[in-house]
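Close look at the chain arrangement
Below, each chain spelled out in residue letters.
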Amino acid sequence: MIDATIELARLFIERYQDKAEQATAAARIRESIHRELRLNAELAAEAERIRGDEPNLAERLILRMSTQSFDALAAAGLPLASIFPDAWRIADDPPPAYRRQFETINQVSELVERAYHRICIQQIRSEVGQIKDPRAYRYLAVLLGKAAQATKSSA
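Overview of the structure. Please read all numbers here as calculations on a predicted model, not as lab measurements. (Residues numbered from 1 in each chain as written. Predicted model: local features only at pLDDT ≥ 70, side-chain atom pairs only at ≥ 80, totals over all residues. Heavy atoms only, no water.)

**Here's the deal with the packing of aromatic side chains**
By convention here, two paired aromatic rings are described through the distance between centres and the angle between planes. This structure, assessed with the given rule, holds four aromatic pairs. Relative to F102, the ring of W88 has its centre 6.1 Å away and its plane inclined at 50°; by these criteria the two rings are tilted. Taken together, the residues W88 in the loop between α5 (80-83) and α6 (99-103) and F102 in helix α6 connect sequence positions 14 residues apart. Ring pairs connect the aromatic residues W88, Y98, F102 and Y139, which therefore count as one cluster. (Phe/Tyr/Trp six-rings, centres within 6.5 Å; stacked < 30°, edge-to-face > 60°. Helix = DSSP H or I, 4+ residues; strand = E, 2+ residues; numbered from the N terminus.)

This is the structure we're talking about:
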């Protein structure tokens, strides 16, 4: 897995450094991140739905979330803000329980970064067996859904 991430990072760097291919490379990176976010959003939604009845399965779904594309982008050292330069503002009706968290996000790049940050937090919690607040699953599902929507318009 690490080798695949390194190879993907190398590909991102090579394509992005070529000025003639920079726009195409950025579009490919956005598409890769978007697909990963969509998959993770579906896994998070399913984990949130079943967490009460099947907590072990919910945790395994969280652990299966992929971060390979984001990890490759981070390893490549490419600026996230240049890949996702669009401004972002949640609709006028954010989920009330998470209004405060979403109001602090102003760029698609910030939304993407927060989504992956939360994936890592939930995966670590699942790995170490930390008892989670059920709202954490819901927040992750909502956050990933919003990130997938936001990156679709950029893809």
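**Section: the packing of helix α3 (residues 55-63) against helix α7 (residues 108-128)**
Look at α3 against α7: their axes get within 9 Å of each other, and the N-to-C directions meet at 130°. With respect to α7, the element α3 is oriented oblique. Pair α3 / α7 crosses with left-handed handedness. Of the residues in α7, those in contact with E59, I62 and L63 of α3 are Q122, Q123, S126 and E127. Classifying every residue of the contact of α3 with α7 gives two nonpolar, three polar and two charged. (Axes fitted to C-alpha atoms, helices over the stretch in contact; angles between N-to-C directions. Parallel < 35°, antiparallel > 145°, perpendicular 65-115°, else oblique. Left-handed = near helix turned anticlockwise from the far one by under 90°. Contact = heavy atoms within 4.5 Å. Nonpolar A, V, L, I, M, F, W, Y, C, P; charged D, E, K, R; others polar.)

**Here's the deal with the environment of L11**
Tracing the backbone through its elements, the reader meets L11 in helix α1 (residues 2-17). In this structure L11 comes out as partly exposed when scored by relative accessible area, which is 36%. (Buried < 20%, exposed > 50% of the residue type's maximum accessible area, 1.4 Å probe, protein only.)

**Details of the side chain of S109**
Within the secondary structure layout, S109 lies in helix α7. Taking relative accessible area as the criterion, S109 reaches 7% and is therefore assigned buried. Leaving out residues up to four positions away in the same chain, S109 has contacts with L80, A81 and F84.

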